[in-house]
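Here's the letter readout for the chains.
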Amino acid sequence: MPEESNQSKFENYSLNYNGTSQSVIVSSNSTFNFRTGDFTLSAWIKVDSFTSSYFPYILDFRSSSSANQDAVAFYLDDNGILQVWITGSLKIGSSGTALVANTWYNVILKRESGTLSTHINGGSADQTASYTGDMNTTPPLTIGARAGNTQAINGFMTEVSIFDYALTSAQINYLYNS
């Protein structure tokens, strides 16, 4: 379990992940069964460093790291670019804004009417891709690491939120500014 640390952007408590094997696991839950509907995932993160072949995971809804299922894996590549993996392939992540180490970011993934988009710090869509597949899965949710408890974030995470609807631009901006 990550340790608590007063490192949050808002002076609240955040979890400090060691970058190897720490995560929070939320039991299987039908709430995460997004099917073909809209959803939004949000978290505040601060990654200590980005290194070659290190992909820190934010949220992973897969049952295992090798699961080829209609479930979301939301993570960063080794250059700090947000990535989205669904059904055994990369949906978002070939380009986009690279995050800088040791800086707090509000990162968001949303699906609205079949379009996936990532958002950074309340801004408009950084990256988009079409995905209308049926996310009919209810595996445990791994927060701060890849399913199977590998590739944990080396840094801090707080205010993880899951919405079963797509946030509006105003709501995304509100999350960043509140």
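Residues numbered from 1 in each chain as written. Predicted model: local features only at pLDDT ≥ 70, side-chain atom pairs only at ≥ 80, totals over all residues. Heavy atoms only, no water.

Colleague: Tell me what's going on with the environment of Ala101, and back it up with residues and numbers.
Modeller: Structurally, Ala101 is set in the loop between strand S8 (89-92) and strand S9 (105-112). In the structure, Ala101 is positioned 21 residues away from Gly80 in sequence and 8.0 Å away in space, judged by C-alpha atoms. Ignoring sequence-local partners within four residues, the contact set of Ala101 consists of Val47, Asp48, Ser49 and Phe50. (Helix = DSSP H or I, 4+ residues; strand = E, 2+ residues; numbered from the N terminus. Contact = heavy atoms within 4.5 Å.)

Colleague: Describe the side chain of Ser42, with residues and values.
Modeller: With respect to the helices, strands and loops of the structure, Ser42 is situated in strand S4 (residues 39-47). A distance of 3.2 Å separates a polar atom in the side chain of Ser42 from a polar atom in the side chain of Asn106. In contact with Ser42, other than residues within four places in its own chain, are Asn106, Val107, Ile108, Glu159, Val160, Ser161 and Leu175. (Polar contact = N/O pair within 3.5 Å; in protein donor to acceptor, adjacent residues only side chain to side chain.)

Colleague: Before we move on, can you summarise the pattern of salt bridges with the specific residues and values?
Modeller: Counted by the stated rule, this structure contains 3 salt bridges. Here Lys110 ties to Glu112 by a salt bridge, and the two come within 3.2 Å at their closest N and O atoms. (Salt bridge = Lys/Arg side-chain N within 4 Å of Asp/Glu carboxyl O.)

Colleague: I'd like a rundown of the pairing of S9, residues and numbers included.
Modeller: Burial of S9 is extensive: 7 of the 8 residues sit out of reach of the surface. As paired elements, S4 and S9 share 7 bridges and run antiparallel to each other. Counted as the bridge partner of Trp44 is Asn106 from S9. Direction of pairing for S9 relative to strand S10 (residues 115-120): antiparallel, over a ladder of 6 bridges. When the sheet's bridge partners are listed, Ile108 is paired in S10 with His119. (Buried < 20%, exposed > 50% of the residue type's maximum accessible area, 1.4 Å probe, protein only. Pairing = 2+ DSSP bridges.)

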